[in-house]
Amino acid sequence: MISLNDYLYAGDTVLKILRRYSADLGADAEMRMQGCVPDGSQTVDTAFGRAAIDFQHSRFLEGILYQLEHNDFLTFQSNRIREFYKYMASEYPYLAFTFRGRIKSVIRSEEKFNGYITEYIYDYYVKHHTFPPIEGLQRQLNHFRDFIAYRIVLSMPACHLRPGQDREQEEIRYLYEIANALPAFLEKRSFTAEPAIRRGGEAAEDGIEAAGGRSGAAASLEGVLSCETPEETVSGSMPSGLKPQVRPYYRDYVAHPKESGYRSLHIAFFDEAASSYIEVQLRTHEMDNFAEIGTANHSQYEKEQNIIRRRRGAVPEGACPLFDEAYERGMALQCLDLSKIDVNMFTAYNNELMNDGCGLYHGRLILPFEHLSRFQNDLVG
């Protein structure tokens, strides 16, 4: 089995590691493909299915390599994203907020790709007691949208609240208002909102036709800024403030929090100018605190590890080599001793103290902007 771990001890650069790993995966898949004839009913547990996913894995790594090698577009992209920052600073001077951008780390990207494989195969196998067709998994893997991601975090200073106002409710109200404005704003700057991907790799269909689909989204979303529609309740713990025109494009973890308690709004865009996908996350400061430094992080991590271990026990070992390899790759990355690896521009004393100058483990920051409320002592009237 070829894994990323095999390339982390020779002192190579991240770019060379990706190039070698991608090439070797592709060559290995080509060898497996020899003698395989697709019959239209191939599943992921066949030699053909395994080879097909390895080819896709190789192309995924090549895509990361291309974006890391040719990153001039990031300046142009972040400048267009910054236009929304200026819009917010003008429209909401009383809010404090930050804009952050990051490129996902190589290790986290590889973990997530293999996690998609094991999760999809596990869910399908538990439900159907057989292995899924290749096409379903391929669709799932094509929905990796957040290699480049931007985050908007906002806060309403307590000094701006009127007597009786609830800070959390006010922040969530503004969060939805800003989320409703974002798609139309970015459509005018060569970003196309992508239909949200639901569990199982399928796009949300309700509302897409009315919104004009992918090609017609720009024209229809322009009306969102002034559209007045009543708030509707979605499945979850609170009403959603998303307007119908934009709802199909968002994953609303504010109205429908994850089991861990995580809350955020997520939306994906295709950047026509850069030919790449991005994800934008919108949160309040308290939501961001929970996600970044919350006390539930460690217990949630342990819970996720138990889920992963259950997946291994549910799928018979040896029944699906693709599942076995993806599981082993993921576990091997989680068990890395970072102090022992040798990657150019990366140094670690242990798994907590490290200097990551290449985006191997921590990723790369590409957009730090801060806006502090301009009315530090006055109520907003």
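Before any of the text, the structure's been laid out above.
Residues numbered from 1 in each chain as written. Predicted model: local features only at pLDDT ≥ 70, side-chain atom pairs only at ≥ 80, totals over all residues. Heavy atoms only, no water.

A.B. asks: Which parts of the structure should I look at to understand the pattern of salt bridges?
C.D. replies: Think of it this way: side chains of opposite charge can pair up when their charged atoms draw near. If you walk through the whole model with that rule in mind, you get 25 salt bridges. The salt bridge involving Glu 83 is made with Lys 86; its shortest N-O contact spans 3.4 Å. Placement of both Glu 83 and Lys 86 in helix H3 (residues 73–91) is noted, with a separation of three residues, approximately one turn of the helix. On the basis of relative accessibility, which here comes to 30%, the residue Glu 83 falls in the partly exposed class. Looking at Lys 86, the relative accessible area reads 43%, which means it is partly exposed. For Glu 111, the salt bridge goes to Arg 108, with nearest N and O atoms at 3.8 Å. One end of the pair is Glu 111 and the other is Arg 108, both in helix H4 (residues 106–128) and three residues apart, which spans about a single turn. Three or more residues joined by partner-sharing salt bridges are found here, namely Asp 28, Arg 32, Arg 50, Asp 54, Glu 325 and Arg 329. (Salt bridge = Lys/Arg side-chain N within 4 Å of Asp/Glu carboxyl O. Helix = DSSP H or I, 4+ residues; strand = E, 2+ residues; numbered from the N terminus. Buried < 20%, exposed > 50% of the residue type's maximum accessible area, 1.4 Å probe, protein only.)

A.B. asks: In this structure, what is going on with the environment of Gly 115? I would like to understand it.
C.D. replies: With respect to the helices and strands, the residue Gly 115 is situated in helix H4. Considered as a pair, Gly 115 and Phe 323 are 208 residues apart in the sequence and their alpha carbons are 9.7 Å apart.

A.B. asks: I would appreciate a short explanation of the pairing of strand E3 (residues 191–194) in the present structure.
C.D. replies: When a strand is regular, its side chains alternate between the sheet's two faces. The alternating pattern of E3 places Phe 191 and Ala 193 and Thr 192 and Glu 194 on opposite faces, both of which are buried. Bridge analysis of E3 against strand E7 (residues 265–271) gives four bridges, and the strand direction is antiparallel. From the neighbouring strand, Ala 193 faces E7, where its bridge partner is Phe 269. (Pairing = 2+ DSSP bridges.)

A.B. asks: Got a minute to help me understand the packing of aromatic side chains in this structure?
C.D. replies: Working definition: an aromatic ring pair is given by the centre-to-centre distance plus the angle between the planes. Scanning the model with the defined rule gives 20 aromatic pairs in all. Between Phe 84 and Phe 185, the aromatic rings sit 5.1 Å apart at their centres with planes inclined by 70 degrees, giving edge-to-face as the arrangement. With Phe 84 in helix H3 and Phe 185 in helix H6 (residues 167–187), the pair connects residues that are 101 residues apart, well separated along the chain. Phe 185 gets classed as buried once you look at its relative accessible area, which sits at 12%. (Phe/Tyr/Trp six-rings, centres within 6.5 Å; stacked < 30°, edge-to-face > 60°.)

A.B. asks: Sorry, what's going on with helix H10 (residues 321–334) here?
C.D. replies: Three or four residues apart is the spacing at which side chains of an α-helix point the same way, because the helix has 3.6 residues per turn. Taking 1.5 Å per residue as the helical rise, H10 with its 14 residues ought to reach 20 Å, and the 20 Å between its terminal C-alpha atoms agrees with that figure. The buried count for H10 comes to 10 of 14 residues, which makes it a mostly enclosed element. Here H10 has its buried residues at Leu 322, Phe 323, Asp 324, Glu 325, Ala 326, Tyr 327, Arg 329, Gly 330, Met 331 and Leu 333. (Expected span 1.5 Å × (residues − 1).)

Coordinates in, geometry out; function isn't part of it.
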